[in-house]
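Summary of the model geometry
Given next are the chains, with one letter for each unit.
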Amino acid sequence: MTVPTRRSRAQVTLARALSKFGFASRSKAAVLIREGHVRVNGRVVRDPDHWLDPRTDRIEVDGSRLLAEEFRYLAMHKPRGYVTTRADERGRETVYALLPPDMPWLFPVGRLDRETSGLLLFTNDVRWGDMISSPEHHVQKTYEVTVDRPVVERDLEVMRNGMTLDDGTELLPVEARRSSRDGCTVVLTLTEGKNRQVRRMMEHFGYEVVALVRTAIGTITLKGLPVGQVRPVAAEERRRIGDIRKKEKT
Ligand code: URA
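Quick summary incoming for the structure in this document. All figures in this text were calculated on a predicted structure; none of them were measured in a lab.

Side note on the pattern of salt bridges
- On inspection of all chains with the given rule, the structure shows 14 salt bridges.
- Between Glu237 and Arg231 there is a salt bridge, and its shortest N-O distance comes to 2.8 Å.
- The partly exposed category is assigned to Glu237, whose relative accessible area is 24%.
- We note a salt bridge from Glu236 to Arg239, for which the minimum N-O separation is 2.9 Å. Here Arg239 and Glu236 lie together in helix α6 (residues 235–240), a separation of three residues that amounts to about one turn.
- Here Glu236 falls in the partly exposed class, since its relative accessible area comes to 43%.
- Counted as one network, the salt bridges with shared partners bring together Glu153, Glu157, Arg160 and Arg178.

Regarding the side chain of Asp155
- Residue position: Asp155 is located in helix α4 (residues 153–160).
- Buried within the structure, Asp155 lacks any salt-bridge partner; its nearest side chain of opposite charge belongs to Arg154, at an N-O separation of 4.3 Å.
- If sequence neighbours within four positions are ignored, Asp155 has contacts with Phe205 and Tyr207.

Notes on helix α2 (residues 26–34)
- Looking only at α2, the buried set comprises Ala29, Ala30 and Ile33. End-on, the buried residues of α2 take up no more than an arc of 105 degrees, which puts them together on one face. Away from its buried face by more than 90 degrees, α2 exposes Ser27 and Lys28.
- Next to the buried residues of α2 lie α1 (14–20) and β2 (38–40).
- Remark: Gly36 follows α2 within two positions and exhibits a positive phi of approximately 85 degrees.

How each quantity is defined
- Residues numbered from 1 in each chain as written.
- Predicted model: local features only at pLDDT ≥ 70, side-chain atom pairs only at ≥ 80, totals over all residues.
- Heavy atoms only, no water.
- Salt bridge = Lys/Arg side-chain N within 4 Å of Asp/Glu carboxyl O.
- Buried < 20%, exposed > 50% of the residue type's maximum accessible area, 1.4 Å probe, protein only.
- Helix = DSSP H or I, 4+ residues; strand = E, 2+ residues; numbered from the N terminus.
- Lys, Arg positive; Asp, Glu negative; His and termini not counted.
- Contact = heavy atoms within 4.5 Å.
- Arc of directions from axis to C-beta.

Put into C-alpha cells, the structure is as follows:
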C-alpha cells in the first residue's frame, strides 16, 4: 500500500475537501470518489487520498463545481439556543439561519454547544480552518464561564497543571483566572477543543455552568459584534490570529 504524501502545506485529500465543504461525510465522499462521480481539474479521480489544493484545483461532483471561487471568512456572535450544524434533525434553529443569504458553502471552525454563545468563525478555506482547530497550532480559544458558586483557587490550579477527567480524557494545561468579584466567573484559555471541554471541566469539580461564552479565538475577539450578527474577518486578522502564542514562544 502506498502512503499518500502531502506535496505542500496548502493541500488536503479529496475526501477531506468534500467533507469539510459539507458535501458529504468523509466515508460517503470516499464512496462517491471511488464510484467515479468526482473530477479534479476535469479528470475523474477515484482515489479518496488524492492530494489537492482547494484554492487552485477545480473539484466537480457529477458535473457541478463544488467549491466557491473565492475564500470567505466570517465571524459570528452566536446566540444561545442555536445548534452548530447545517440541518438539525429535531428542527431546532441552526447557526446557518444567521448567515447572510448570498454566502457560498461555508463550514464552522469548531463548534459551540447549543447553550454556549460567543465567537464562531466560518470559512470555506479548509487549511485555515484546520490550522485554527488543530491542537498543534496552539491557537488559543478564550471562554468566560459563570458557575453557581465561587470557583476555588485549588481547582483553578488543577486546571492550570493539566487534568484528567473521570472518563480518562486527558486535558492540556489551561490559563485560568477568576474575573468577577463574586468569584463565580472564570476566564479559561485553551489550546485544544475537546467536546464540551469547558462544561466537563467545571462539572468535574461539581460546579453547575450558568453561562458560557467564547470571547476570543486567538487574536480575534467578539468586540463590537452584537449578538446574532456576522462580520467579515479581514486578511490582516486572519494572518495574525495565532500571534499571541507565537510571541510567547519566542
Ligand atoms: N466548551 C464547552 O463546554 N462548550 C462549548 O461550546 C465550547 C467549549
